[in-house]
Amino acid sequence: IRKVSAQISAEFIGMELGAFIFISIDNQDDKNKFLAAIKTNGSILECHHLTGEFSYIIKVRCQNTNELEILITDFLKGKCKVTRTLSQIILSSYKDDSAIVK
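Residues numbered from 1 in each chain as written. Predicted model: local features only at pLDDT ≥ 70, side-chain atom pairs only at ≥ 80, totals over all residues. Heavy atoms only, no water.

A. Spatial organisation of the overall build of the protein chain. Along its length, the protein chain carries two helices and four strands. In the protein chain, the succession of α and β elements from N to C terminus is β-α-β-β-α-β. In the protein chain, buried positions account for 33% of the 102 residues. When contacts within the protein chain are restricted to residue pairs at least 6 apart in sequence, those whose partners lie at least 24 apart make up 71%. (Helix = DSSP H or I, 4+ residues; strand = E, 2+ residues; numbered from the N terminus. Buried < 20%, exposed > 50% of the residue type's maximum accessible area, 1.4 Å probe, protein only. Contact = heavy atoms within 4.5 Å.)

B. Seen up close, the packing of aromatic side chains. The tally for this structure, following the rule as stated, stands at two aromatic pairs. Look at phenylalanine 34 and tyrosine 56: their rings are 5.2 Å apart centre to centre, the planes differ by 45 degrees, and that puts the pair in the tilted class. Linking phenylalanine 34 in helix α1 (residues 28-38) with tyrosine 56 in strand β3 (residues 56-62), this pair joins segments that are 22 residues apart in sequence. A relative accessible area of 0% means that phenylalanine 34 is categorised as buried. (Phe/Tyr/Trp six-rings, centres within 6.5 Å; stacked < 30°, edge-to-face > 60°.)

C. Geometry of the sheet that holds strand β2 (residues 44-49). In spatial order, the strands read β2-β3-β1-β4; together these four strands make up an open sheet with antiparallel pairing. Each edge of the open sheet is held by one strand with a lone partner, namely β2 and β4 (84-89). Going from strand to strand, the sheet's axes swing by 20 degrees on average, the running direction of each strand aside. Sheet topology note: the strand β1 (residues 17-24)/β4 ladder contains six bridges and is antiparallel. Within β4, the position partnered with isoleucine 21 by the bridge is serine 87. Along the sheet, helix α2 (residues 65-79) makes contact with β1, β2, β3 and β4, crossing β1 at roughly 20 degrees. (Pairing = 2+ DSSP bridges. Axes fitted to C-alpha atoms, helices over the stretch in contact; angles between N-to-C directions.)

D. Spotlight on the pairing of β1. Counting buried residues along β1, six of its eight residues qualify, which places the element largely inside the surrounding structure. Note: β1 against β3, seven bridges, orientation antiparallel. Bridge assignment links phenylalanine 20 to a residue of β3, and that residue is lysine 59.

E. Spotlight on α2. Looking only at α2, the buried set comprises Leu68, Leu71, Ile72, Phe75 and Leu76. On the buried face of α2, the contacting elements are β1, α1, β2, β3 and β4. The backbone nitrogen of asparagine 66 has a side-chain oxygen 3.1 Å away, supplied by the residue at the start of α2, namely asparagine 64. Where α2 terminates, the next one or two residues include lysine 81, which has phi positive at roughly 60 degrees. (Polar contact = N/O pair within 3.5 Å; in protein donor to acceptor, adjacent residues only side chain to side chain.)

F. Local environment of the pairing of β2. The sheet contact formed by β2 and β3 spans five bridges and is antiparallel. Residue pairing in the sheet places glutamate 46 in a bridge with lysine 59 of β3. The hairpin turn running from β2 into β3, its antiparallel successor, is six residues long, and glycine 52 in that turn takes a positive phi close to 100 degrees.

In structure tokens form, the structure reads like this:
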């Protein structure tokens, strides 16, 4: 068991905007900075290393599009030195459960 936690609705805590952001990072030093920095940002819920055109995908929750813009522009591209992003906003979710049931 890695962690025991309660799942609270994102809407309940005012984080109604969900998005997936594909991320490209050009050099290894920036990848290390990115990986360290995302652990400190509460809006970033998940991060996965990918094959293909992009390096990573992150799942985020924000209050609104203004907060998403700040996350992408100031945090990812500014602080984390992310080279390129592609954002997909979540319209609705039919299954949003990361629990593994066997």
